[in-house]
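The chain contents come next:
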Amino acid sequence: LLRGDLVKIVILSKGGNRGLDEIRVNECIAAGQELGLTKENYIFGEISDTKFFEERLAVRKYLEEIIKDYQPDVLYTHYPQDYHLDHEIASEESV
């Protein structure tokens, strides 16, 4: 941010299947403000929370589209052996 880099934070799921959409979005934006980010830095997906295994193809296509659109120089993702299956799949499909 200090160098003027374009930063996008991709949130694949807003927590939809548990009624957490608005809470999760607001928490993300508030946390980002601490780093100098705004709502415009975020891309919120519609993948069902805790359903990445079942929706893996949708995860892959969604990430491919974002990567194609933004062509990032650097991409940070979850640890590949994360304890949460959604995070593990997000990591695998990001690279």
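Residues numbered from 1 in each chain as written. Predicted model: local features only at pLDDT ≥ 70, side-chain atom pairs only at ≥ 80, totals over all residues. Heavy atoms only, no water.

Draft legend 1. Layout of the pattern of salt bridges. Applying the stated criterion across every chain, the model contains six salt bridges. A salt bridge links K14 to E46, with the shortest nitrogen-to-oxygen separation between them at 2.8 Å. Remark: E46 occurs in the loop between β2 (42–44) and α2 (56–70) and K14 occurs in the loop between β1 (9–11) and α1 (21–33); sequence separation between them is 32 residues. For the salt bridge of R24 with D49, the shortest nitrogen-to-oxygen distance reads 3.6 Å. (Salt bridge = Lys/Arg side-chain N within 4 Å of Asp/Glu carboxyl O. Helix = DSSP H or I, 4+ residues; strand = E, 2+ residues; numbered from the N terminus.)

Draft legend 2. Fine view of α2. Over its 15 residues, α2 extends 21 Å from the first C-alpha to the last, a length consistent with the 21 Å expected when each residue adds 1.5 Å. V59, L63 and I66 are the residues of α2 that are buried. Down the axis of α2, the buried set is contained in an arc of 60°. They therefore lie on one face. Facing away from the buried side of α2 by more than 90 degrees, the exposed set consists of L57, K61, K68 and D69. Against β1, β2 and α3 (85–94) lie the buried residues of α2. Phi turns positive one or two residues past the end of α2, at Q71, with a value near 45°. (Expected span 1.5 Å × (residues − 1). Buried < 20%, exposed > 50% of the residue type's maximum accessible area, 1.4 Å probe, protein only. Arc of directions from axis to C-beta. Contact = heavy atoms within 4.5 Å.)

Draft legend 3. Here's a closer look at the packing of α2 against α3. Two numbers describe how α2 lies on α3: the axes approach to 9 Å, and their chain directions differ by 45°. Our classification of the angle between α2 and α3 gives oblique. Between α2 and α3 lies a crossing of right-handed hand. In this structure, α2 contributes R56, V59, R60, L63 and I67 to the contact, and α3 contributes I89, A90, E92, E93 and S94. The class makeup of the residues in the contact of α2 with α3 is five nonpolar, one polar and four charged. (Axes fitted to C-alpha atoms, helices over the stretch in contact; angles between N-to-C directions. Parallel < 35°, antiparallel > 145°, perpendicular 65-115°, else oblique. Left-handed = near helix turned anticlockwise from the far one by under 90°. Nonpolar A, V, L, I, M, F, W, Y, C, P; charged D, E, K, R; others polar.)

Draft legend 4. Region of the structure containing unusual backbone geometry. Positive phi is not limited to glycine here, since T50 has a value of about 65°. Mapping T50 onto the fold places it in the loop between β2 and α2. For Q71, which is not a glycine, the phi torsion comes out positive at approximately 45°. Looking at where Q71 falls in the secondary structure, it is placed in the loop between α2 and α3. Overall, the relative accessible area of 61% leaves Q71 in the exposed class.

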